[in-house]
Structures are given as structure tokens and as C-alpha cells.
Amino acid sequence: MIDLDARTRRVHPAWWVAAVTFLALVGAAGFRAVPGVLMDPLHREFGWSVSTISLAAAVNMALYGLTAPFAAALMERFGIRRVVAAALLVVAAGSGLTVFMTASWQLILCWGVLVGLGTGSMALALVATVTGRWFVARRGLVSGVLTAAGAAGGLVFLPLVAQVSDAYGWRPASLAVSVAALAVAPLVLWLLRDRPRDLGVAPYGGTPADDADPVRSGAARLALRTLAGAARTGPFWYLAAGMMICGATTMGLIQPHFIPAAHDHGMPHTVAAGLLALVGIFDVAGTIASGWLTDRVDPRLLLLAYYVLRGLSLLALPALFRPDIQASMLAFIVFYGLDWVATIPPTMALCREVFGASAPVVFGWVFASHQVGAAVMALGAGIVRDELGAYDAAWFVGGALAVAAGGLSLLIRRRPVPAVT
């Protein structure tokens with residue numbers, strides 16, 4: 001018999017699980033974002049084109065998204081702790097091995113494949129699994145905080161990597177990422193437990209009955225079956241297309257290319273990285289505010305506003321670059337931070353309304369489209385820079401796509417479709 005009264009007199013283990021998950025998500029986002037800082041140093045040393053280096057970032061982003069729907073199946077089969085610890089080791093290997101590379105295919109293998117697979121195993125699937133198993137009360141709050149950690153972590157991490165790269169070179173910066181991943185792994189093994197029953201407690205705010213038995217098989221098949229069912233509906237494609245553009249205009253365009261684009265206009269790498277860190281800080285406030293608005297406003301109207309305003313800001317961006325920071329650029333950074341993943345709460349709400357019990361898995365696939373869009377844009381913007389000598393066309397294309405995504409949001413019907421079983 002579980003002594004719940006005794007347990008409530010101290011910090012519930014669910015909060016320690018959430019804390020180490022937060023740390024892992026911030027780290028995973030940071031590890032994934034590093035190529036944007038190292039683009040110019042790698043170009044100078046090896047002579048690789050921007051598009052070649054962007055290809056590694058594109059592979060990274062695509063695998064980050066495509067791994068997510070299956071990472072939950074791995075966590076059901078092998079447990080959260082084992083999967084996250086193994087993912088951190090894969091990230092450490094991918095980052096550490098780059099110091100020995102001599103050819104561009106090795107960059108694609110290390111930063112693209114290994115780091116992409118490792119960080120993808122610590123994406124939204126980890127958020128959904130941890131909150132679903134460990135929390136009944138405060139589940140929405142914890143989900144929002146962990147989602148913000150995953151989105152903002154990479155941007156906040158960039159100034160440190162930029163400082164190390166400028167002071168000591170890109171190799172120490174890559175090794176620092178490897179050491180950071182290895183440092184988090186012992187905390188995961190120590191504090192991250194698979195289920196409340198492992199510590200003899202109930203989920204936070206729940207009862208032992210809320211600690212459901214794990215699914216040992218069939219999770220991957222369910223993911224594919226759910227995709228097949230959702231793909232036969234219009235709302236899925238509107239949501240997926242919108243999120244594909246969302247990924248293209250944030251993680252695919254701004255995250256890897258803002259720093260080199262700013263440097264093209266004379267801004268130091270460290271200053272540009274600091275601006276992206278501000279995007280990450282304002283992202284937290286924007287995500288929380290968007291969640292509050294989603295409970296009160298039609299999610300389709302929110303998506304319309306977010307996408308159209310994002311598109312207009314991208315169309316204005318080429319005129320804002322200067323060697324130093326101007327008020328207009330700060331205004332862009334603040335707005336883009338507030339808007340960075342503001343699209344996630346209304347998109348999740350529409351998935352719940354339309355797909356019901358299938359919504360978590362459907363959103364996993366919608367998020368995968370987000371990363372595919374990020375991958376395509378990361379590579380495409382690199383090609384634009386190589387062929388045209390400037391990023392302007394990439395900003396204009398991204399702006400036009402974002403405005404179009406706003407229009408797609410209004411086409412989503414909110415009537416539920418039958419759940420996939």
C-alpha cells in the first residue's frame with residue numbers, strides 16, 4: 001500500500017523527472033543548433049560551400065523530426081531512461097568525431113545522421129511520454145514548459161558555442177558539445193525513472209491506477225496506421241503543410257542562416273548569436289501566451305495571425321541588417337521570439353478537436369512535417385547564398401510561404417473525424 005501522505009511531505013519524484021527532462025531537452029536543442037554557429041569556420045578551413053554545410057543541417061533536422069513518431073515506441077519497449085541515455089551517447093559521439101573529419105560526407109554523417117537521430121529521440125515524444133506517465137495534475141503546464149525548453153534551448157545555447165569557437169576554434173566548440181552531452185547522461189541514469197511505480201509512488205496528482213501498464217509491442221504499427229488514416233483527411237494536410245512552413249521559416253531559415261547572414265553585413269558572430277539567444281528567451285513568453293490565447297480564441301484565427309505577421313516580418317528582414325544592432329532589428333528579434341513556436345498550442349488544439357484520441361500520434365506526424373520543411377529550407381537557403389551571393393531571396397520566399405500558411409489555416413474544418421484504432 002502506497003503511503004501517499006508521507007510522499008506529499010517532500011518533493012514528488014515527478015518534479016525531479018521533469019527537471020532532468022528539461023535539461024535533456026535544452027541540451028538536445030542546443031546540440032542540434034550548433035552547425036549554424038560553425039558554418040563560417042568550417043567554410044574557412046575546408047572550403048566547403050554554404051550549401052554543403054547546410055546539407056548536414058538539413059539531414060539533422062529531417063531525422064530529428066522523422067525519428068519523433070518512433071521514439072515513443074522505443075521508450076515503451078526499452079524505457080525512457082535507456083533511450084535518453086543512449087541518445088545522449090550518440091550525440092556525444094557525433095559531435096566528438098567531427099574533430100577528426102577531413103571530408104564533407106563525414107560532417108553529414110556526424111552532425112547530420114548521428115546528432116539528428118540522437119536529438120530526435122529527445123524531441124516531443126519525450127515530452128509526451130514523461131507528462132503522460134508522471135503527471136495527472138499540472139500536465140498542461142509541464143507540457144508547455146518542456147516544449148518551450150526544446151524550442152528555446154538551441155537558441156540560448158548558441159552564444160556560448162560562438163564564444164568558444166571565436167576564442168579557441170570550432171574543434172573545442174564541438175568537443176564542448178560532446179562533453180555537455182556526456183555530463184547530462186549520468187543525471188538521466190540517476191534521476192530519470194521510467195514509471196512512478198518504479199519508486200513506489202503514484203503519478204503527480206493521480207492514483208496508482210493512472211500508472212498504466214507499458215505497451216511492449218505494436219506502437220510503431222499504430223503510428224503508421226494512424227498516419228494512413230489521418231492522411232485521408234483534408235485537415236491533416238492543411239495542418240501538416242502549415243507546420244512544414246512553420247519549420248521552414250524558423251528552424252530551417254532563421255536558426256542556421258541568421259548568424260552567417262548577419263555576418264555578411266558586418267555583424268560579429270557573437271553579437272548575432274546573442275540576438276538568437278534573445279529569440280529563445282522571448283519564445284518562452286510567446287509559447288505560454290499562445291497557450292492562454294488558445295483556450296479563448298479560435299485556433300485557426302491565431303494561426304492566421306501568427307503566420308501572416310511572421311511572413312511580413314521576414315519580407316522586411318533584408319532591410320534590417322547592419323554591422324551593429326539597431327532598434328528595428330531588436331523589434332524583429334522580439335517579435336520573432338514571441339512567434340517562434342506560438343503556432344504549437346493552436347496546432348495541438350486543432351489536432352485534438354479534429355482527431356480526438358488519435359491526436360497525440362497525429363501531432364507526431366504533423367511535427368515530422370515541421371522538420372521536413374526545416375530541412376528543405378536549410379538546404380535551399382544555403383544554395384541561394386552560394387548561387388546569388390546573398391540570402392535576400394531566401395527571406396522573401398520564406399515570407400511569402402508564411403503568408404500562404406495563414407490562408408491554409410482558415411481551410412481547416414473543426415468537425416471531428418473517426419479515431420484510428
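Cut-off values and rules
- Residues numbered from 1 in each chain as written.
- Predicted model: local features only at pLDDT ≥ 70, side-chain atom pairs only at ≥ 80, totals over all residues.
- Heavy atoms only, no water.
- Axes fitted to C-alpha atoms, helices over the stretch in contact; angles between N-to-C directions.
- Helix = DSSP H or I, 4+ residues; strand = E, 2+ residues; numbered from the N terminus.
- Left-handed = near helix turned anticlockwise from the far one by under 90°.
- Contact = heavy atoms within 4.5 Å.
- Expected span 1.5 Å × (residues − 1).
- Buried < 20%, exposed > 50% of the residue type's maximum accessible area, 1.4 Å probe, protein only.
- Patch = residues over 30% accessible without salt bridge, like charges linked within 9 Å, V, L, I, M, F, W, Y side chains within 5 Å.
- Areas by Shrake-Rupley, 256 points an atom, 1.4 Å probe, with all protein chains shown as cover.
- Salt bridge = Lys/Arg side-chain N within 4 Å of Asp/Glu carboxyl O.

A. Structural context of the packing of helix H13 (residues 269–294) against helix H14 (residues 299–316). As a packed pair, H13 and H14 sit with axes 9 Å apart at the nearest point and diverge in direction by 145°. Classified by chirality, the crossing of H14 by H13 is right-handed. When H13 is examined against H14, the residues Ser290, Leu293 and Thr294 are found in contact with a partner set consisting of Pro299, Leu302 and Tyr306.

B. Structural context of helix H11 (residues 234–249). Look at H11: 23 Å from first C-alpha to last across 16 residues, which is about the 22 Å you get at 1.5 Å a residue. Burial in H11 covers these residues: Pro235, Phe236, Leu239, Ala240, Gly242, Met243, Ile245, Cys246, Gly247, Ala248 and Thr249.

C. Geometry of a nonpolar patch on the surface. Together, Leu309, Leu312, Leu315, Phe396 and Val403 give the surface a local cluster of nonpolar side chains, amounting to about 410 Å² of exposed area. Elements represented by at least two residues in the nonpolar patch include exactly H14 and helix H18 (392–409). It is H14 that contributes the most residues to the nonpolar patch, three residues altogether. Relative to the assigned elements, Leu312 resides in helix H14.

D. The pattern of salt bridges, seen in detail. Applying the stated criterion across every chain yields a total of four salt bridges. We note a salt bridge from Glu45 to Arg171, for which the minimum N-O separation is 2.7 Å. Here Arg171 lies in helix H9 (residues 170–191) and Glu45 lies in helix H3 (residues 35–46), a separation of 126 residues in the sequence. A salt bridge links Arg310 to Asp339; its shortest N-O distance comes to 2.7 Å. Placement of the pair is Arg310 in helix H14 and Asp339 in helix H15 (residues 327–339), with a sequence separation of 29 residues. Like Arg310, the residue Asp339 is buried in the burial classification.

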